[in-house]
Amino acid sequence: MARTIDVASLIDGRRLNGFNYLVITLSWLITAFDGLDQMMIGFTVPYIRDQLHLTNAMIGYIASAGLAGMTVGGLLSPVLADRIGRRPAVILTSFAFGVLTAATAWADSYPALVVMRFVDGLAIGGMLPLAWALNIEFVPKRIRATVVTVVMVGYSAGVALAGPLTNAIAPDYGWQGVYLAGGIGTLICAGALSLWLPESIRFLVVSGRRPDVLVHTLRRLDPACDATPADRFELRDEAASAFHVRQLFAGPLKLVTPLLWFGYLMSSLAVFFISSWGPIVIESLEFSRRTAAIVPSFTSLFGASAGLLLMRFTDRRGPGAISVYPAIAVPALLIAGLGLVPHDAFLVVVLVGTSLVTGMHFGMHSIAGIYYPSVIRATGAGVATSVAKFGAILGPIVGASVLSSGIPVVRTYALLAVCPAFVCLAVLAMSAVLRAQAPMPGALTAGGAAPRAG
């Protein structure tokens, strides 16, 4: 006799097992290459500038072209994933940005670099929200933000690797060798995804497709499950609904979504300002090129560690927990930017401030998709990511304008403090909205967690 099986209860009532760790590991790896391929421009640009005689304005537009592509890709790929599935979208995207990153090695002029960074960004921009959505839909609500952050540590590891990889390859083989190495590594990882990455179990339930695949995946998730393709599957923690973008603003999401977008945009502006111009700013302050490349790498690693530390509080207390990092980052950046610290201690203060900004950005990543129902989760996370990319596009352009303005270079850190200040306000406002709405059925539950605001 056919039964009705609540897949949501099955997921929430269990602990993570080897199957979950496989999905997390594969997502971690491809996210690492996403971070490496995306951020290597900030570390290779001193070599590219010397070879192609680029101005600061040209460098800003090259970086922004990649981010513009990521904005478009972040909109298109998740919408596609909500229609055809997470697995095919992830695999297609990963192969695409592997090929395009390697092909960047043959871009030998300013216009060619602008074009290649844009088309590479189309593929790179779609990866992160897809990886988040896939992992969110396999794990219990109580640890969703933590799992997203673990996956995002891969991104940070990739960013951290970009500096040492550039130092190891570029002096002997040129900046082109860095892009070849990144692209080939990505393609190897994409091959692993095509072999072992499963389809999202929640997507299979919502779409009603391939009950045989759904049953096989359920048994991998829980070997004790005795479901058959004849059974009926449902998600009782979500109201049944068809895909429509207006769901991004349904109920309390009409306030949560714009606040999320604003905070995420300001967070991205800060992080991409740092990643695009951090090495050049530090080098301009009379530190060596190698030091200028290593400091942002440490920023990425420390920021990832800070993000992991934060996420257990975010899972339990809601987005308000994220406000701690920007609240501390603001005075640290002001101290550095206003020259209130001796030269010997300057890099330490910069490292603290920028690491907290990175940890803050991890916090915004972790909540980008958890408030949306499965039918639009990839779209919700993708649209939020794409909106954030407008801030990311502005980061390199603002940096170029500031560095070309004639003000002391060190003041860039004081100006940067504006971004975490706005992020702090946005996440506190989100927390207030969630607290006012709790307890809430459906879609804030629809997204998953309805975490306690605090």
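Here is what the cut-offs are and how they apply
Residues numbered from 1 in each chain as written. Predicted model: local features only at pLDDT ≥ 70, side-chain atom pairs only at ≥ 80, totals over all residues. Heavy atoms only, no water. Helix = DSSP H or I, 4+ residues; strand = E, 2+ residues; numbered from the N terminus. Expected span 1.5 Å × (residues − 1). Bend = angle between axes of the 7 residues up to and from the residue. Buried < 20%, exposed > 50% of the residue type's maximum accessible area, 1.4 Å probe, protein only. Polar contact = N/O pair within 3.5 Å; in protein donor to acceptor, adjacent residues only side chain to side chain. Contact = heavy atoms within 4.5 Å. Salt bridge = Lys/Arg side-chain N within 4 Å of Asp/Glu carboxyl O.

Undergrad: How should I be thinking about helix α10 (residues 253-284) in this particular structure?
TA: For the α-helix, the turn length of 3.6 residues means that residues three or four positions removed from each other point alike. Taking 1.5 Å of rise per residue, 32 residues should cover 46 Å, and α10 covers 44 Å from first to last C-alpha, within 8% of that figure. Along α10, the largest kink reaches about 60° and is centred on W277; proline P279 follows within four residues of it. Most of α10 is tucked away, with 23 of its 32 residues classed as buried. Backbone geometry just downstream of α10 places E286 in the positive-phi region, at approximately 70°.

Undergrad: I keep staring at the side chain of T44 and nothing clicks. Help me out?
TA: For T44, the position within the fold is in helix α2 (residues 18-52). Among the residues examined, T44 registers a relative accessible area of 0% and is labelled buried.

Undergrad: I keep staring at the side chain of Q38 and nothing clicks. Help me out?
TA: Along the chain, Q38 turns up in helix α2. Under the relative-accessibility criterion, Q38 is labelled buried at 4%. In terms of polar contacts, Q38 uses its side chain to reach the side chain of Y155, at 3.0 Å. Setting aside residues no more than four positions away along its own chain, Q38 makes contact with M70, R117, I124, Y155 and F272.

Undergrad: Sorry if this is basic, but what is going on with the pattern of salt bridges here?
TA: Between side chains of opposite charge, a pair can form as their charged atoms come close. By the definition in use, this model includes seven salt bridges. Between D226 and R3 there is a salt bridge; the shortest N-O distance is 3.0 Å. One end of the pair, D226, is in the loop between α9 (211-221) and β2 (232-234); the other, R3, is in the segment before β1 (4-6), and 223 residues separate them in sequence. Classification of D226 as exposed rests on a relative accessible area of 53%. Among the salt bridges present, the one from R86 reaches E137, with a minimum N-O distance of 2.7 Å. One end of the pair, R86, is in helix α4 (residues 86-103); the other, E137, is in the loop between α6 (127-136) and α7 (144-196), with 51 residues separating them in the sequence. The burial state of R86 is the same as that of E137; both residues are buried. Here the salt bridges do not stand alone but share partners, grouping R3, D226 and D231 into one network.

Undergrad: What am I meant to see in the environment of R236 here?
TA: Along the chain, R236 falls in the loop between β2 and α10. A C-alpha to C-alpha distance of 45 Å links R236 and S276, two positions 40 residues apart in sequence. Among residues more than four places away in sequence, those in contact with R236 are T4, D6 and A8.

Undergrad: What am I meant to see in unusual backbone geometry here?
TA: Glycine aside, the phi torsion of most residues is negative, and most peptide linkages are trans. At H53, a residue that is not glycine, the phi angle is positive and equals roughly 55°. The class of H53 is exposed, set by a relative accessible area of 65%. For E286, which is not glycine, the phi torsion reads 70° and is therefore positive. Mapping E286 onto the fold places it in the loop between α10 and α11 (289-317).

Undergrad: Hey, could you run me through α7 in this one?
TA: Over its 53 residues, α7 runs only 22 Å from end to end, short of the ideal 78 Å by more than 12%, given 1.5 Å per residue. At Y173, α7 shows its strongest bend, of approximately 135°.

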